[in-house]
Amino acid sequence: MRHQMKKMKRIFLFSIAAILLASCGKDTTEKTMVVNGTIKGLKKGTLYLQHVPDSTLVVLDSLLVQGDGNFSFQTELESPEIFYLYLDKKDNNDINDRITFFGEPGNITINTAWNTFDTNASIEGSETHRKLEEYRKVMTNINKKSLDLVQRATATENPLDSLQVDSLLRMSNRNMQRGYAFAINFALNNKDSYIAPYIALNEVGDANRKYLDSINNSLTPEVAASKYGKALQKYLNQ
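Residues numbered from 1 in each chain as written. Predicted model: local features only at pLDDT ≥ 70, side-chain atom pairs only at ≥ 80, totals over all residues. Heavy atoms only, no water.

Q: Give a description of the sheet that holds strand β7 (residues 106-113) that names residues and reports values.
A: Spatial ordering of the open sheet is given by β4-β1-β7-β8, a layout of four strands whose pairing is mixed. The sheet is open, and its two borders are formed by β4 (70-76) and β8 (122-124), each paired with just one other strand. Between one strand axis and the next, the sheet turns by 15 degrees as a mean value, whatever way the strands run. The pairing of β7 with β8 spans three bridges and is antiparallel. Note on β8: the bridge partner recorded for T109 is E124. (Pairing = 2+ DSSP bridges. Helix = DSSP H or I, 4+ residues; strand = E, 2+ residues; numbered from the N terminus. Axes fitted to C-alpha atoms, helices over the stretch in contact; angles between N-to-C directions.)

The structure is reproduced here in structure tokens:
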């Protein structure tokens, strides 16, 4: 009888340990981000995975890429955030060397080419990054229009009179206000996405306090508890 009880006790303790290990393994898997892909045409170069944990750019991992241009990184994260792939091509040219993407747990695939590294990258596997691209597509058009209006107002080849310049600058300001309105509405309409607090902090941080409060108060609990959700709350508290 005593022998059977000891045996049952050992089985019980072993079961508890197995459950704890499985739980820990599951938690790690759920927080793991795997970034892999191919850099077409790259014969040799060093690739860095970077992020900004606080206010300084930090290298998480690096890899010497040579031959086929394939790469793979793996890291743990507390919540989705912005990451960077920086390619040191050893060509003394700092242009087209950094890809910005919204990382999140799971498998993310980034395919690009060495000579159009950041301008022609295909990024798949991150729902938050898909939202970021959706936002950027509209904002790029708005910013281009503002730039075009300013260039027309300051053109030296065919100078405009003061009334024409004022008119163009007013149009540019209205277009910029349109951009602010779009950014705020995009964040409010995506309150369940990690993109919302990111936009509030990095795109319209100088907007009227009531709009930032509206975004902050609309966030789902999960998003509010994320890196950018906490940062937004801290920013408003200050």
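Q: Hey, could you go over the packing of aromatic side chains for me, with residue numbers and the actual values?
A: Here the structure, examined in full by the defined rule, presents nine aromatic pairs. A centroid spacing of 5.5 Å and a plane angle of 75 degrees characterise the contact between F102 and Y198, whose relative ring orientation is edge-to-face. Of this pair, F102 sits in strand β6 (residues 98-103) while Y198 sits in helix α4 (residues 195-202); the two residues are 96 residues apart in sequence, bridging distant segments of the chain. Given a relative accessible area of 13%, Y198 falls into the buried group. Taken together, F102, Y198 and Y228 form an aromatic cluster joined through their ring pairs. (Phe/Tyr/Trp six-rings, centres within 6.5 Å; stacked < 30°, edge-to-face > 60°. Buried < 20%, exposed > 50% of the residue type's maximum accessible area, 1.4 Å probe, protein only.)

Q: Residues and numbers for the packing of helix α5 (residues 209-218) against helix α7 (residues 227-237), please.
A: In contact at an axis separation of 11 Å, α5 and α7 are set at 145 degrees when each is read in the N-to-C sense. Handedness of the crossing formed by α5 with α7: left-handed. Where α5 approaches α7, its residues R209, L212, D213, I215 and N216 are matched on the opposing element by G229, L232, Q233, Y235 and L236. Residue composition of the contact of α5 with α7, grouped by class: five nonpolar, three polar and two charged. (Left-handed = near helix turned anticlockwise from the far one by under 90°. Contact = heavy atoms within 4.5 Å. Nonpolar A, V, L, I, M, F, W, Y, C, P; charged D, E, K, R; others polar.)

Q: Run through the pairing of strand β1 (residues 32-40), naming residues and quoting values.
A: Strand direction decides the pairing type here: β1 and β4, joined by seven bridges, are antiparallel. From the neighbouring strand, V35 faces β4, where its bridge partner is F73. In this sheet, β7 lies alongside β1 in parallel orientation, the contact comprising eight bridges. Bridge pairing in β7 links I39 to T112.

Q: Describe the layout of surface pockets, with residues and values.
A: Of the pockets and cavities examined, the largest pocket occupies roughly 490 Å³. As for the largest pocket, its lining consists of 15 residues, of which P53, D54, K227, Y228 and A231 are closest to the centre. Broken down by class, the residue content of the lining of the largest pocket amounts to nine nonpolar, two polar and four charged. Estimates place the volume of the second largest pocket at around 210 Å³. Around the second largest pocket, the lining residues are R98, I99, T100, D118, T119, A121, I123, H129, E133 and R136. (1 Å grid on protein atoms, 1.4 Å probe; cavity = no way out; pocket = protein on both sides within 12 Å on 5 of 7 lines; lining within 4 Å. Points joined across faces, edges and corners; volume = space filled by probe spheres on them.)

Q: Account for the sheet that holds strand β3 (residues 58-66), naming residues and giving values.
A: Ordered in space as β3-β2-β5-β6, the four strands form an open sheet in which the pairing is antiparallel. The open sheet has two edge strands with one neighbour each: β3 and β6. In this sheet, neighbouring strand axes are inclined to one another by 20 degrees on average, regardless of whether the strands run parallel or antiparallel. Of the strand pairs in this sheet, strand β5 (residues 81-88) and β6 are connected by six bridges, and their pairing is antiparallel. Bridge assignment links F83 to a residue of β6, and that residue is F101. In the packing of helix α2 (residues 127-153) onto the sheet, contacts are made with β5 and β6, and the angle to β6 comes to roughly 120 degrees.

Q: Can you lay out the packing of α4 against α7 for me, pointing to particular residues and giving the numbers?
A: Two elements in contact, α4 and α7, have axes separated by 8 Å at closest approach and are oriented at 40 degrees. The orientation of α4 with respect to α7, classified from their angle, is oblique. Regarding α4 and α7, the two cross each other, and that crossing is left-handed. Contact residues: P197, Y198, A200 and L201 in α4; Y228, G229, A231, L232 and Y235 in α7. Its residues assigned to classes, the contact of α4 with α7 shows eight nonpolar, one polar and no charged. (Parallel < 35°, antiparallel > 145°, perpendicular 65-115°, else oblique.)

Q: Go over the pairing of β3 with me, naming the residues and quoting the values.
A: As paired elements, strand β2 (residues 44-51) and β3 share eight bridges and run antiparallel to each other. Looking across to β3, one finds that L47 is bridged to L63. Hairpin remark: β2 followed by β3, antiparallel, with six residues in the connecting loop.

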